[in-house]
Structures are given as structure tokens and as C-alpha cells.
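The chain contents come next:
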Amino acid sequence: MGRFEPSAVQNLIRSQPAYAGCKGSVVRLRVTDFMTYHSAELRAGAHVNLILGPNGSGKSTIVCAICLGLAGKPKTLGRALKLQEYIRHGTKSATIEIELYNPDGLNFVIKRYISATKTIKKDGTTNHGTKSRWYLQGERASPTKVEELTTSLNIQLDNLCQFLPQDRVQDFVGMNSFSLLQNTQKALGNDTLYQRHEKLIELTAKLREIEGNLHTHMNHLKSRQQLTKRMENDVKNYKEREDLKAKIAELASKKSWIVYLKSREVFLNLKTELETVKQAKTVEEAKLAPIKQSLKAIDSKKTKFQADLERSKATNESFMNGVRRKVEEEFDKVEANVDEENAKLREHQNAEADRLKRVENFTVKINGYEKQLDEIRQKGDMDDTRLNAELSRLHKQLKKRDEEILEITNLDEKDESNRRYILSKIRTAELELSQMNDLRVSRMKYLEKEVPHVYEAVQFYSKPENLVHFKGRIHEPLVLHIEVNDLEYGRIVEKHIGFAELNGFFVEHEDDLEVMLELNRKRKKRVTVTHFEGPKTVPFQRPPSQYSREFMQKWGFKMSILDLIDGPDYYLAYLCQRFHMQNILIGDDKADRMATEISEQTPVNIYYTNRRCVTIRQSNYSKSKAMQFSVIQAARVLTTKINATEKHNLHENVKQWRIEEKELEDLINGRKRRKAEVDEERQTIEDNVRDINARIQYRKNLLQRLDSARKQIDLLQRERKNLDDLKGDTDKAILAHRAKMLDVADFLARELEKAQGNGSKPIVLRKQKHLLNGRLEHLQNQLDEMQGDVRQFEAKVSVLQPQVEQAAKEAETNKKDAIQVSNLHEPPPEVAAGELNDKAVEKELLQANTQLGFWMETDPKIVREYQEKMREIADLTKQKDVGEKKLAEVKEDIETEKQAWLNPLQELIGTVNRNFGRYFTSMGCAGEVQLQKADDENDFAKYGIKILVKFRTSEPLSELGGTKGGTLQSGGERVISTALYILALQELTTVPFRVIDEINQGMDAKNEARFFNLLCSLAKGPNTPQYFLLTPKMLPPVDYPDNVDFHIIFSGPHVNVPLAIHSNADSSEDEGDED
């Protein structure tokens, strides 16, 4: 029996060289009342720390202490989730103290006190919990402060590439490629790569969102453009009509200004003429003054003679007055008749001028109509035979389309009625399936979230077309078909069956195994496949338990796991064959209390209680038994029940009804597409019919207007008058009236002769007066002549003055009208410059009004709707442009980030691959590490790391955790692969230490030696990570180098095992003797 002397140990410790590890490595670990330890201290070596001890002796306690002492979470360990479970039984608190190496000063010392708490609730129940106190460098600190320190030292306790507890080795193997990539990036200590990867995933999601929005905008834009295209003809017609109306308004405006300018010109001319006449009148009036003075003197003499003459004339006055009245009356009659004849002539002249203007207007219209008819004739729209034939053909097409639409409508109504009936049956069935479907949906959602490869495989193999290559039946994963009849124990069933078995597929025919594996490889899906032919007897008979009822009652066992499980016979047979579920027992509190007795006195090697799983292992050396306790996590999947038979029947019915409903829906949708096509064709035909009818109506209206205009001209031509003849007749009538004045002169002569016989006195006086009158007449004639000129000027002034005033009023009125019509205060430049005349404008205005009559009016609502749609198109186009710009920017960002992330990542993985391949080659095997890209290179959420291994030359490279040759890799093969992958990260990482708990379990002796030698060779030199390698047994004979420190865990006062020590010296001299 070998014994250790304390003094020898102390001397050995003092003789060790100074600690020379990397920053953050563990120098010392001390625990008090922690798990199985009352008090213990471990002083770690700087490189490889080999921790040896039988199962149950407390090796994993060291792992738990390192994790919890550095602010790790209990779930990282895969054991108990409550800190209370880590306090040694019978005590109320535990202490963990860890010293981390700091080459730049004092070592970092972290201390954690964990104490149990008890709270009594109002209802009298007790709530047990824990609280922690932290100390850093001897001073009270917060957990955040400790976490900041561990983060700065790149200690990643949740990264399986650095910290791999015993219970999480399978978790490492079970990581999907994406998780492995994420953990590898973290383990490499390259936060930039990890952050870039996360950013690329975010950018990809943003890209998909932008693409979706852009696709929506494009669809909306396309629909708006199609709608506006159908409205373009109406809008174009409206615009052209409005343009024509605007042109008419412009011409009317120009005409009004031309009228104003002409009236203004008339006013200015009259005003100038009036001022000229007034000036000439003033000059003539100045010449009259001398003549008037002479006339005044002669008039005084004449007055004297006149007095005498008056006396003599008195007797003749009445006679002469009568003669004068007679003469004046006759003269007035003649002048009145002459004025009447002249008025008649002017009336005829005005009527003829108006007629000529109307003839000119109708001539312009006729020319316009004939020009438009020529255009119609050139288009062929004068050929009624052709147009009627075209209309007949279009009406036949319309009838044909209407018949087809009616037929489609009838078929749709019939199929839609059948489809509604089928849907009512489906809804009724789905109501019955709702709870059962909720179960499958929930489990499918679990698969989609946790194991997407399995979820996609379930969907893939559920399609009949994907099953044609298989010879036998394919069975979905257990998780979708089994139930636990007492849901309290769902967590026990989940833990015992395990993750891989619950989520794996099954094939009945052996050849189908390779078929499914090949399909999964092609589809790049990592899915477990197991060959199981099925139960040997039908119906399946559940095997009895090896433990009697009395045995179970004695030790506190209630049932076996098989008693809890219901499901199809196929799955139950597999579970019994694979896991011997009938022999796995579940106990109550009694079994929990009798754990030691069960371990020592019964053959049970594993059982469950309400609180935990108890595993009993027997040492290969001492044959003593050790118990290992593990916490049972809450159930994640097996929380509901399945009614399989009823569900299957309902599913089959619904499936068939869905097929029928889908066929009807496809028929209806197909006809909808055809109906839309027919509607579009019908709309096109109707547009063509309306167009032809509009052209025919337009031609008819044009011909009617042309005929009406020609008739009007004929009527006007018949109303034409000969002005020359009328002028001659008027002159003759005036001469006839003037001739009557000769008769008046004869009458006057006769009457004067009578007056001469009335006495001589008046004659003498008359002679005297005659002499004066001669002089007076001479002067008077001169004065009259000059006054005549003045009177002419006055007459002209009297005529011109009202004309000027009237012209001013007309000009002012015309200006106001022009301003109102044109909304301008000045005439347009071309009007002001005199470039236009009223006749040309009138002619153009007449043509425009004529054309306006031919344009059909468009509803302004259509135009407003069109404008609204165009604004929407503009907004959508803007959104599309913005979206395309954002899309381009995101794509550019993705490309930039991709190059910055992918190139260094590929270099790192290339290095890892070379290391991994070299390590495998040294073991006589083959291994590769590949960067797995998605089918879409920019789907960065599907990037991952794939580990491929081959342990025999006859086998192909297979994915770790997948299958090779139809079987999973063995546990030992997966363990060595995991270990070598962690070692392959060695030269690329900057982590201070790594913990690997019992990873060599399952390895054969040769691989154990190779792995350990490789680990020791990599852990040499400065700045290399520190390793904690935990194992329950001595490694095979190897040469232990100087960088290995041994830590032997005792579960009692001594260990009864042979001890052989090997060194780098001659092994024959260093053979130890067993005491």
C-alpha cells in the first residue's frame, strides 16, 4: 500500500519552479463546504493539470467550482440549476476562492460566498433559495465587476470550445453547424469576426425586408400603371378638348383686344380730327371782326330806311307771310322725302354687308368641314361597307366572349358551391383536430426552433413524391408520436431517451438506410437515421420488467418508464429493444432516502426519483460502487398527449378533402385567369366598337353640318341685292322730289308780281334800301361766306364731339371686356404689334369652335382619378427609387462586410483544418474542418462549420454527429473528434485555460495515449493555455513530460490501486514498486 508523507509533499512543492502561465490562468482554487468537499485546495500547474480519481470521488466538483467561482451560470454545467444544490449537505453556506495569474502585478483573487436562505410565505409554505456575496482582491464587489474581469481575460465559460464539462460533451457533438461556427469565433477570441457575422445576419434580414417592401411597391406601381394606361385615351381626349377650349379662350381674348385697339384707334382719329376742326374754326372766327363792324354801321342806316319801309310794308306783311309759309312748307316736304330715300338706301347697304359677312363665315365653316372630310376619306372612314363589316365582325367576337364568360361563370358557381361544401367538412374535422393538431404543431414548432434540419426533413418526407425511392416504410421521429400518460414524468422520459433518439428517423428496410442518408447528404441536412425492422410479434406485447412488484414496493419504486409511455407499437418495440424501458424504474421519496442501500444491496444501476437521476457505477479497480446524481431538467416537448388513431383517420379525411378542394380551387383559379383574359379581350373589342361608332357618328355630324352650311349660303345668295340699281332708283327719286321746287319758284314769282301793285312808296324806300342792301349784301356775302366756313367747322365739331365721346365710351367698354375675357391688363404682344387682324382671328376662332363640337366630353372624375393615380405612381416611383438605393447600399454594405469577415474566417478555418487534419493523420485516421456555406451565399445565418471524420480506410468522410456506413460514430470516436477539434484551435486562441472533463471516456488505450501526448506537446512554452484534464483512471503507459501536474482525488484515506510512475528517463529504472 503506497502512502504519502506530508513533509515530502511540502518539500516537493517548494522545489517547483516559479509559476509561469499565461494571464488569467488558474493558480489556486480553494473551496469550503462545496458539494462533496468540506475543505480543499488545488494549486494548479501552468500547463497541463491531470486530475485523477475514481467515479464519484469529486473530480467534477473542481469543474463546478471553477465555473461558479468565475461567475458562470449553473446551466453551463448541465447539472443542478439551483445554487442550493451546490452547498454541501448539512451546511448552510459554501465558499469558492480562485486565484488567477497576473504577470503585470498582483494575482487576481476572486471569492464567492454562497449561502442558503429560507423565506416563509403568507400561506405558511417555505421558499428555499440562495444569495451570493462577491469579493475581488479582498474587497466587496458586484457580480458585474467579476464578469468584466473574466471578459477582459477572455474567459468564456459558456463556450464549449473552452469549457467542456462532463455532462455537456454530447451537447458539443449535438451543436449544429451554425452554433459551432459561433462558438469557434468566440473561442478564437476574435470579437471582430463574431460581430461582423452578427452584423451580416442583421444586414441580410434588412436586405430581405427591403426586397419585400420593394416587391410590394413594384406590384402596386405596376397595378397603378396598368389602371392609368386604360384611362389614358379618356384623359388624352379631355386634355385635347381642354387645350382646344383654352385656344378658343385665347383667341377670344385676342379678338377682344383687337376690338379694343380698333375702337381706340377710331377714338384717337376722331379726337385728332375734332381738335383740327376746332383750331380751323378759331382762325376763321378771328377774320369776322372787321366785317362785322362795317355791317354794323350800314345796318344803322338801314334801320332808318327800314322803319319807313316797315310802315309801308305793314299793309303787305300778312300777304308776304302767307307766301313765305307756303314756300317753306313745300321746301321742308322736299327735304324730308330726300332724307327718307337716303335712309332706305343705307338700310339696304347695311343688310347687304351683313349678308356678305355671314356668307364668309359659312364659307370658312364649309372649308373646315371639307378638310376634315378629306382626312376621314384618307383614313377610309367614308366606306360604310367596310365599317359595317368590321362592326359585324366585332359584334360576333363580343357575343362569343359573352358566351364564354357566361359558361365560366356557371362552372365557377357550381365548383364554388362544391368547394364551400368541402370546406365546411374540413372546418368540422379541424374543430375536432384542433387540440390534437395543437400538440403536433407545438412539437413541430419545437423542431423548427431547436433542430431545423429535422423539421425540414419531416416536411420533406411527408410528401408522397419523395418516398418513391424507398422499399419499406419510413417513420417520423419519436417526438411526434409518443406521449406520456402522466405528464409529471415527461421530463424523466425526455432525459432517458435523449436528444438524438427523440429527433431521429427510422426505416424498416435495411437498404433504405443508405437511400435516406444519401438524400440527406445531397440536401445538406444533418439528420439521425436508424434501421429498425419493427416488433417481432403483431400486435406488440410489452415485455415484463425484471423486477417484481414486491421488489419495487420494498425499495420505493412505483413503476417503470415503459408504464408511462403510450404510442404506436413500432416505437414502443424500439424503445424496449434499445433502452430496456421495462427495467428503468421510477421511485418516490422513499427511494430517494434509501439511495445508499439501493446502491449497495440491489442490482439496479440507474433509476429516477422526483428530484434527480441516480446512476450507480462500479469501479473497475476496487469493485466499490459510487453514486452520481444529476438534476432532471424540465420537460421541453413531452408535455401533452396524442390520440393517434383518431387523429390519423381525421388527417386522412382532411387530406383527401384538401386534395379535392385544391383541385376545385385550381380549376376556379385557372378559369379566373381565363375570365380575366376574356374580359380584357372583350374590353378591347368594345373599345374598337366604340371607336368605329364614334368615327361614323363624327362623319355623320360633319356631313350634317356641311349640308346645313351649304343651304344657309344658298339662302343668303338668294337674298343678295343689287346696290347699284338701288342707288340709281334712289337718285331718280331724289331728282323727282327736287323738281317740285320749280313749282314753288313759279308760285313765288306770281305772288311777287301781285305785291308790286300795292304802291310806289315802298318801291322808293326799297330802292334806297337796295342801295344800302347792295353794300350790305356785299359785306354780308363776304361775312356769310366766312361764317359759312365757321358754321361748317361748328357743324363738324357738333358732329365729331358726340362721336368722340361715343368712341371713348366704346373704347373703355371694350377694354374692360378685354381685361375680363383675357385676365390681362395689356394686349398680348402680337396683338399690340399689329401682327393679327380681326378677320384672321375670327376665322381661326370659328374653326376652333367647329372642332370643339366634334370632341366628346369626358367625365372630370376620370381625369381627377387619373391625376390621383399619377401622383400615387410618382410617390411609388420615389419609394421604389429610395428602396432600390437602400437595397444597393445594403448590398454594398453586405459585400464590404462579407469580404472583411469571410476572408480572415476562411484563413482561420483553413488553419484549424490543417491542424485538425494533421492530428487525425498522426492517429492513422482522417479529418477535415470545412466552412459550410448556404445555397445562397448571402444567407449568413446558415453558414456553419462542418467537422468530417473517418476512422477506417474503408469508410468515407462522414459528418461528426451524423452517420457513416449507416451507423452513428461511436461514443469514443465522437469524443476523440471533439478533443482534437478543441486542440486544433490551440494556436489561434488566446483563452487562459481550458477544462475538459472525462473526455477520454470511450477512447481506446492507443487513442488515449496519442491524445494525451498531443495535448502535452501543444501546452508547452509561454502564453499557451492551461489545461484541466479530468479522468477516472490512469492513462495508458505514456511518457509524462515536465509540463504535466498530477492532482489525485481521494474518496477515502487511501486508494487501493497499483501505481506505476513513468518519466522521460529510462522506463526500466523508473518502474515503481507496489507497496
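Positions within a chain are numbered from 1, following the residues in the order the chain's sequence is written. The predicted nature of this model means local features are confined to residues of pLDDT at least 70 and side-chain atom pairs, given and counted, to a pLDDT of 80 or more, with totals for whole chains, interfaces and linings taken over all residues. Side-chain metrics rest on all non-hydrogen atoms present in the structure, leaving aside hydrogens and water.

J.: Summarise the overall build of the chain; cite the residues concerned and give the values.
T.: Runs of E in the DSSP output that reach at least two residues are strands. Runs of H or I that reach at least four are helices, and both are numbered from the N terminus. The number of helices and strands found in the chain is 24 helices and 26 strands. Pairs of residues are marked as contacts when any of their non-hydrogen atoms sit within 4.5 Å. Restricting to contacts in the chain with at least 6 residues of sequence separation, those with at least 24 account for 75%. Note that accessible areas follow from Shrake-Rupley with a 1.4 Å probe, and for residues the cover is restricted to the protein chains shown. Total accessible area on the chain stands at roughly 60,800 Å², and carbon and sulfur atoms take up 50% of it.

J.: With reference to specific residues and values, describe the environment of Arg-43.
T.: Mapped onto the elements, Arg-43 comes out in strand S2 (residues 37-43). Between the C-alpha atoms of Arg-43 and His-1047, which are 1004 residues apart in sequence, the distance is 8.8 Å. The residues contacting Arg-43, other than those within four sequence positions of it, are Val-27, Arg-28 and His-1047.

J.: Describe the packing of aromatic side chains, naming the residues involved and giving the relevant values.
T.: Stacked, tilted and edge-to-face pairs are distinguished by plane angle, under 30 degrees for stacked and over 60 for edge-to-face with tilted covering the rest, among Phe, Tyr and Trp rings (Trp via its six-membered ring) whose centres lie within 6.5 Å. Scanning the entire structure with this criterion turns up 19 aromatic pairs. Ring plane angle 65° and centroid distance 4.7 Å describe the contact between Phe-506 and Tyr-574, whose orientation is recorded as edge-to-face. Of this pair, Phe-506 sits in strand S11 (residues 505-507) while Tyr-574 sits in helix H14 (residues 569-579), and the two are 68 residues apart along the sequence. The same class applies to Phe-506 as to Tyr-574, namely buried. Relative to Tyr-571, the ring of Tyr-570 has its centre 5.6 Å away and its plane inclined at 85°; by these criteria the two rings are edge-to-face. In terms of burial, Tyr-570 and Tyr-571 fall into one category: buried. Chaining the aromatic ring pairs together yields one cluster made of Phe-506, Phe-532, Tyr-570, Tyr-571 and Tyr-574. A cation over a ring is seen here: Arg-133 above Tyr-113, with NZ or CZ 4.9 Å from the ring centre. Here the term buried applies to any residue with accessible area under 20% of the maximum for its type, exposed to any over 50%, and partly exposed to those in between, with areas from a 1.4 Å probe on protein chains only. Distance and angle both matter: a charge sits over a ring if NZ of Lys or CZ of Arg is within 6 Å of the ring centre and within 35 degrees of the ring normal.

J.: Would you mind going over helix H22 (residues 860-922) in detail, with residue names and values included?
T.: Since the α-helix advances by 3.6 residues per turn, residues separated by three or four positions end up pointing in the same direction. By definition here, a helix of n residues has an expected span of 1.5 Å times n minus one. Here H22 contains 63 residues, and its C-alpha end-to-end distance of 88 Å stays within 8% of the 93 Å for a straight helix at 1.5 Å per residue. Note on bend: at a given residue it equals the angle between the axes fitted to the 7 residues ending there and to the 7 starting there. When the local axis directions of H22 are compared, the greatest deviation, roughly 25°, occurs at Lys-898. Just past H22, the residue Gly-924 takes up positive phi, approximately 80°.

J.: Lay out the sheet that holds strand S21 (residues 958-959) in plain terms, naming residues and giving numbers.
T.: The sheet built from 3 strands is open, its strands ordered S19-S20-S21 with antiparallel pairing. Here the strands that pair on one side only, and so sit at the sheet edges, are strand S19 (926-932) and S21. Here the rule is simple: two strands pair whenever DSSP picks up at least two bridges between them. With 2 bridges connecting them, strand S20 (residues 944-950) and S21 associate as antiparallel partners. Note on S21: the bridge partner recorded for Val-949 is Ser-958. Relative to S19, H22 is tilted by about 165°, and along the sheet it contacts S19 and S20. For helices, the fitted line uses only the C-alpha atoms of the stretch in contact; every axis is such a line through C-alpha atoms, and the angle between N-to-C directions lies from 0 to 180 degrees.

J.: Describe the pairing of strand S1 (residues 26-34), with residues and values.
T.: Residues in a regular strand project their side chains so that they alternate between the two faces of the sheet. Among the 9 residues in S1, 7 count as buried, and that is most of the element. Sheet topology places S1 next to strand S4 (residues 93-100); 6 bridges connect them, and they run antiparallel. By the bridge assignment for S4, Val-26 is matched with Leu-100. Sheet topology places S1 next to S2; 6 bridges connect them, and they run antiparallel. Each residue of the ladder has a partner; that of Arg-30, found in S2, is Glu-41. Joining the antiparallel neighbours S1 and S2 is a turn of 2 residues, in which Met-35 adopts a positive phi near 55°.

J.: Can you lay out helix H2 (residues 59-69) for me, pointing to particular residues and giving the numbers?
T.: Among the 11 residues that make up H2, 11 are buried, leaving the element largely enclosed by the rest of the structure. Here H2 has its buried residues at Lys-59, Ser-60, Thr-61, Ile-62, Val-63, Cys-64, Ala-65, Ile-66, Cys-67, Leu-68 and Gly-69. Residue Ala-71 follows H2 closely and has a positive phi angle near 70°.

J.: So what's going on with the pattern of salt bridges? Which residues, and what values?
T.: For salt bridges, the criterion is a side-chain nitrogen of Lys or Arg within 4 Å of an Asp or Glu carboxyl oxygen. Summed over all chains, the structure comprises 44 salt bridges. Residues Arg-28 and Glu-99 are paired through a salt bridge, measuring 3.0 Å at the closest nitrogen-oxygen approach. Separated by 71 residues along the polypeptide, Arg-28 in strand S1 and Glu-99 in strand S4 bring together distant segments of the chain. Of the two residues, Arg-28 and Glu-99, neither departs from the other in class, the shared state being buried. We note a salt bridge from Arg-542 to Asp-566, for which the minimum N-O separation is 3.3 Å. Of the two residues, Arg-542 is situated in the loop between strand S12 (529-531) and helix H13 (549-555) and Asp-566 in strand S14 (residues 565-566); the sequence distance between them amounts to 24 residues. Among the residues examined, Arg-542 registers a relative accessible area of 37% and is labelled partly exposed. Since its relative accessible area comes to 28%, Asp-566 is described here as partly exposed. What emerges from the salt-bridge pattern is a single network uniting Arg-28, Arg-30, Glu-41, Arg-43, Glu-97, Glu-99 and Lys-111.

J.: Before we move on, can you summarise the nonpolar core with the specific residues and values?
T.: In this structure, Trp-901, Phe-916, Leu-980, Tyr-981, Leu-983 and Phe-1012 are the most contacted members of the largest nonpolar core, which totals 57 residues. With sequence-adjacent residues up to four places away left out, Phe-916 is seen in contact with Gly-927, Glu-928, Val-929, Ile-947, Leu-948, Val-949, Ser-977, Leu-980, Tyr-981 and Ala-984. As used in this record, nonpolar core signifies buried Ala, Val, Leu, Ile, Met, Phe, Trp, Tyr and Cys residues forming a set joined through side-chain atoms within 4.5 Å. Membership of the second largest hydrophobic core comes to 44 residues, among which are Ala-44, Leu-68, Trp-134 and Leu-157.

J.: Can you break down the confidence of the model for the chain residue by residue, with the values?
T.: Confidence in the prediction of the chain, expressed as mean pLDDT, is 78, and 81% of residues score 70 or more. Per-residue pLDDT, averaged within each element of the chain, yields its smallest value for strand S22 (residues 963-964) (45) and its largest for S4 (94). Under a pLDDT of 50 for its full length, residues 1052-1075 has, in the predicted model, 22 contacts with residues more than four places off or in other chains. One confidence number per residue, pLDDT, is output by the predictor and ranges from 0 to 100.

J.: Any details on the environment of Tyr-570? Residues and values, ideally.
T.: Residue position: Tyr-570 is located in helix H14. Residues Tyr-570 and Glu-533 lie 37 residues apart in sequence; the distance between their C-alpha atoms is 8.6 Å. Those residues in contact with Tyr-570 that lie beyond four places of it in its chain are His-475, Phe-506, Val-507, Glu-508, Phe-532, Glu-533, Gly-534 and Pro-535.

J.: Lay out the side chain of Lys-59 in plain terms, naming residues and giving numbers.
T.: By the element assignment, Lys-59 lies in helix H2. Among the polar contacts listed, one links the side chain of Lys-59 to the backbone oxygen of Gly-53, at a separation of 2.9 Å. Any pair of N or O atoms that falls within 3.5 Å is considered a polar contact. Within protein, one atom must be able to donate a hydrogen and the other to accept it, and sequence-neighbouring residues count only if both atoms are side-chain atoms.

J.: Tell me about the sheet that holds S12, and please be specific about residues and values.
T.: Reading across from one edge, S9-S11-S12 is the order of the 3 strands in this open sheet, with mixed pairing throughout. Of all strands in the sheet, those bounded by a partner on one side alone are strand S9 (474-475) and S12. The pairing of S11 with S12 spans 3 bridges and is classified as parallel. Opposite Phe-506, over in S12, you have Thr-530 as the bridge partner. Strands S9, S11 and S12 of the sheet are contacted by helix H12 (residues 511-522), whose axis makes an angle of about 175° with S12.

J.: Break down the environment of Lys-186 for me, with residues and values.
T.: The topology assignment puts Lys-186 in helix H5 (residues 177-187). Put simply, Lys-186 and Gln-162 are 24 residues apart on the chain and 9.5 Å apart in space, counted from C-alpha to C-alpha. Sequence-distant contacts of Lys-186, that is, excluding residues within four places in its chain, are made with Asn-154, Gln-156, Asn-159 and Tyr-194.

J.: Could you give an account of a nonpolar patch on the surface, naming the residues involved and the relevant values?
T.: Only residues above 30% relative accessible area that lack a salt bridge enter a patch, with like-charged residues linked at up to 9 Å and the nonpolar side chains Val, Leu, Ile, Met, Phe, Trp and Tyr linked at up to 5 Å. On the surface, a cluster of nonpolar side chains totalling about 260 Å² of accessible area is made up of Phe-1046, Ile-1048 and Phe-1050. Tracing the sequence through the fold places Phe-1046 in strand S26 (residues 1044-1048).

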